[in-house]
Amino acid sequence: MAAKIVNMANPDEDETLCATVEEAREILAAMVERFKSQGYKVDEQHSPDDDYPQYAVYDHSDGWIGTYTIFLQ
């Protein structure tokens, strides 16, 4: 099943489309690691209503950049 990675702060920005959920998980995990390696703060959030975790990303001054998650196509 196809999936996409979406920034919930700006759902109109370009999405990352993936052929499978597993590919989306791998790409999102790499994105999270890249944010962390650049010194950004990443908070993983789990909502009981959502199938996939959400990752809130904050810059060096604790400004919210966005929240990334996976949506099924």
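Note that this is a predicted model, so its numbers are computed, not measured.

Draft legend 1. Quick look at the confidence of the model for the protein chain. Confidence in the prediction of the protein chain, expressed as mean pLDDT, is 91, and 100% of residues score 70 or more. Within the protein chain, the element-level pLDDT minimum falls on strand β2 (residues 16–18), averaging 89, and the maximum on strand β4 (residues 54–58), averaging 96.

Draft legend 2. Just the nonpolar core, in detail. Ranked by internal contacts, the top residues of the largest apolar core, which has 15 residues, are Ile-5, Leu-28 and Ile-70. At the level of elements, β1 (3–7), α1 (21–37), β4 and β5 (64–72) are the ones that each hand at least two residues to this core. It is α1 that provides the largest number of residues to this core, a total of six residues. Dropping the residues within four chain positions of it, Ile-70 is found in contact with Ala-3, Lys-4, Ile-5, Ala-24, Arg-25, Leu-28 and Tyr-52.

Draft legend 3. Highlighting the sheet that holds β5. Strand order in the open sheet made by the five strands is β2-β1-β5-β4-β3, with antiparallel pairing throughout. Edge positions in the sheet fall to β2 and β3 (41–45), since each of these pairs with one other strand and no more. Strand-to-strand, the axes of this sheet are offset by a mean angle of 20°, without reference to chain direction. Summarising the sheet, β1 and β5 pair through five bridges and their orientation is antiparallel. Paired with Asn-7 across the bridge in β5 is Tyr-68.

Draft legend 4. Looking closely at the pattern of salt bridges. This structure, assessed with the given rule, holds three salt bridges. Two residues, Glu-15 and Lys-4, come together in a salt bridge whose shortest N-O distance is 3.4 Å. With a gap of 11 residues between them, Glu-15 in the loop between β1 and β2 and Lys-4 in strand β1 connect regions that are remote in the sequence. Residue class for Lys-4 comes out buried when judged on its relative accessible area of 18%. Notably, a salt bridge pairs Glu-33 with Lys-36, separated by 4.0 Å at the nearest N-O pair.

Conventions used here
- Position numbers for residues start from 1 in each chain and track the written sequence from start to end.
- The predicted origin of the model limits local features to residues at a pLDDT of at least 70 and limits the giving and counting of side-chain atom pairs to 80 or more, whereas totals for whole chains, interfaces and linings rest on all residues.
- Note that water and hydrogens are dropped before the side-chain values are worked out from all heavy atoms of the structure.
- On a scale of 0 to 100, pLDDT captures the predictor's confidence in every residue.
- Where helices and strands are cited, they refer to DSSP runs of H or I of at least four residues and of E of at least two residues respectively, numbered from the N terminus.
- Only buried residues count toward a nonpolar core. Its members are Ala, Val, Leu, Ile, Met, Phe, Trp, Tyr and Cys residues joined through side-chain atoms within 4.5 Å.
- Under the scheme applied here, a residue whose accessible area is under 20% of the maximum for its type counts as buried, over 50% as exposed, and between as partly exposed, the area being computed with a 1.4 Å probe on protein chains only.
- Every residue pair with non-hydrogen atoms within 4.5 Å of one another is taken to be in contact.
- Two strands make a pair as long as DSSP finds a minimum of two bridges between them.
- Helix axes are fitted to C-alpha atoms over the stretch in contact, other axes to C-alpha atoms as well, and angles between N-to-C directions run from 0 to 180 degrees.
- Any Lys or Arg side-chain nitrogen located within 4 Å of an Asp or Glu carboxyl oxygen qualifies as a salt bridge.

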